[in-house]
Amino acid sequence: MDAKNSMVLTDTRRQFLRHTLATIAYRGGKALRGAPETFAEFHASESCRTPGQILAHVGDLFDWALSQAKGQERWSGSKPLAWDDEVKRFFNTLQALDNYLASDSALGSTPEKLFQAAIADSLTHIGQISMLRRLAGSPVRAENYSRAEIVAGRVGAEQASPSREFD
């Protein structure tokens with residue numbers, strides 16, 4: 001493969017990662033919005049992490065992914081912040097990773113490795129938070145996500161309204 005085709009392929013893969021981050025922001029935002037005050041400490045069982053612990057882990061995942069993208073891999077497990085602060089951290093870490101992917105900076109890891117580790121793991125955890133919302137008596141409404149307005153680069157708390165929700 002010549003250099004031009006290699007660059008186009010890399011740009012396409014980076015753009016797909018950015019769309020994935022926007023999807024996580026959309027779905028994650030939906031799972032986090034409107035959670036009851038006590039939700040962060042909800043225990044489904046003694047061996048299950050709380051939503052606050054899960055969300056802190058998701059922030060750690062995106063910090064880790066950014067360190068990998070920069071070629072300076074490091075892991076740091078943090079203690080959960082207050083729920084609203086942890087929600088802000090979720091969007092801030094997504095934004096930091098998206099900003100790096102949108103830049104011309106070299107990747108210290110392949111897009112595939114970034115996806116298969118931190119990004120894929122975060123999808124699992126967003127699903128856990130949604131499930132815990134239901135168990136806590138505050139379910140997240142279902143939606144046809146193929147119709148959702150998800151745009152690469154839109155990774156903040158402000159997301160498009162759902163086009164069609166259902167129970």
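The structure this text deals with has already been given above.
Below or above, wherever it landed, is the structure these notes cover. As the structure is a computational prediction, the values presented were derived from the model and not from experiment. (Residues numbered from 1 in each chain as written. Predicted model: local features only at pLDDT ≥ 70, side-chain atom pairs only at ≥ 80, totals over all residues. Heavy atoms only, no water.)

Within the chain, the regular secondary structure consists of four helices and two strands. Taking all 167 residues of the chain together, the buried fraction comes to 40%. Taking as baseline every contact in the chain between residues at least 6 positions apart, the subset at least 24 positions apart corresponds to 78%. Entry remark: accessible area of the chain is about 9200 Å², with carbon and sulfur atoms responsible for 51%. Averaging the positions of the 20 positive and the 20 negative side-chain charges in the chain gives two centres separated by 4 Å. (Helix = DSSP H or I, 4+ residues; strand = E, 2+ residues; numbered from the N terminus. Buried < 20%, exposed > 50% of the residue type's maximum accessible area, 1.4 Å probe, protein only. Contact = heavy atoms within 4.5 Å. Areas by Shrake-Rupley, 256 points an atom, 1.4 Å probe, with all protein chains shown as cover. Lys, Arg positive; Asp, Glu negative; His and termini not counted. Charge placed at Lys NZ, Arg CZ, Asp CG, Glu CD.)

Structurally, Thr 50 is set in the loop between α1 (3–32) and α2 (51–69). When near neighbours in sequence (up to four residues on either side) are disregarded, Thr 50 contacts Ala 40, Glu 41, Phe 42 and His 43.

Here we come to the packing of α2 against helix α4 (residues 111–135). The N-to-C vectors of α2 and α4 enclose an angle of 165°; their axes lie 10 Å apart at closest approach. Between α2 and α4, the angle is such that the two are roughly antiparallel. Seen along the crossing, α2 lies across α4 with a hand that is left-handed. In contact with Pro 51, Ile 54, Leu 55, His 57, Val 58, Leu 61, Phe 62, Trp 64, Ala 65, Gln 68 and Ala 69 of α2, α4 contributes Leu 114, Ala 117, Ala 118, Ile 119, Asp 121, Ser 122, His 125, Gln 128, Ile 129 and Leu 132. Along the lines of polarity and charge, the residues of the contact of α2 with α4 split into 15 nonpolar, five polar and one charged. (Axes fitted to C-alpha atoms, helices over the stretch in contact; angles between N-to-C directions. Parallel < 35°, antiparallel > 145°, perpendicular 65-115°, else oblique. Left-handed = near helix turned anticlockwise from the far one by under 90°. Nonpolar A, V, L, I, M, F, W, Y, C, P; charged D, E, K, R; others polar.)

This part is about the packing of α2 against helix α3 (residues 83–102). Interaxial distance between α2 and α3 falls to 9 Å at its minimum, and their mutual angle equals 20°. Taken together, the axis directions place α2 and α3 in an arrangement best described as roughly parallel. Here α2 and α3 pass one another in a crossing that is left-handed. Contact residues: Pro 51, Gly 52, Leu 55, Ala 56, Val 58, Gly 59, Asp 60, Phe 62, Asp 63, Ala 65, Leu 66 and Ala 69 in α2; Trp 83, Glu 86, Val 87, Arg 89, Phe 90, Thr 93, Leu 94, Ala 96, Leu 97 and Tyr 100 in α3. Classifying every residue of the contact of α2 with α3 gives 15 nonpolar, three polar and four charged.

Its 19 residues give α2 an end-to-end C-alpha distance of 27 Å, which sits within 8% of 27 Å, the value for a rise of 1.5 Å per residue. Counting buried residues in α2 gives 17 out of 19 residues, a clear majority hidden from the surface. Positive phi appears at Gly 71, one or two residues downstream of α2, with a value of about 75°. (Expected span 1.5 Å × (residues − 1).)

Right, let's talk about the pattern of salt bridges for a bit. Under the counting rule described, the total for this entry stands at 10 salt bridges. A salt bridge links Arg 18 to Asp 98, with the nearest nitrogen and oxygen atoms 2.8 Å apart. Of the two residues, Arg 18 is situated in helix α1 and Asp 98 in helix α3; the sequence distance between them amounts to 80 residues. Across the pair Glu 149 and Arg 154 runs a salt bridge, and its minimum N-O distance is 2.9 Å. Given the relative accessible area of 24%, Arg 154 is considered partly exposed. Among the ionic contacts, a cluster of salt bridges with common partners joins Lys 30, Arg 141, Glu 143, Glu 165 and Asp 167. (Salt bridge = Lys/Arg side-chain N within 4 Å of Asp/Glu carboxyl O.)

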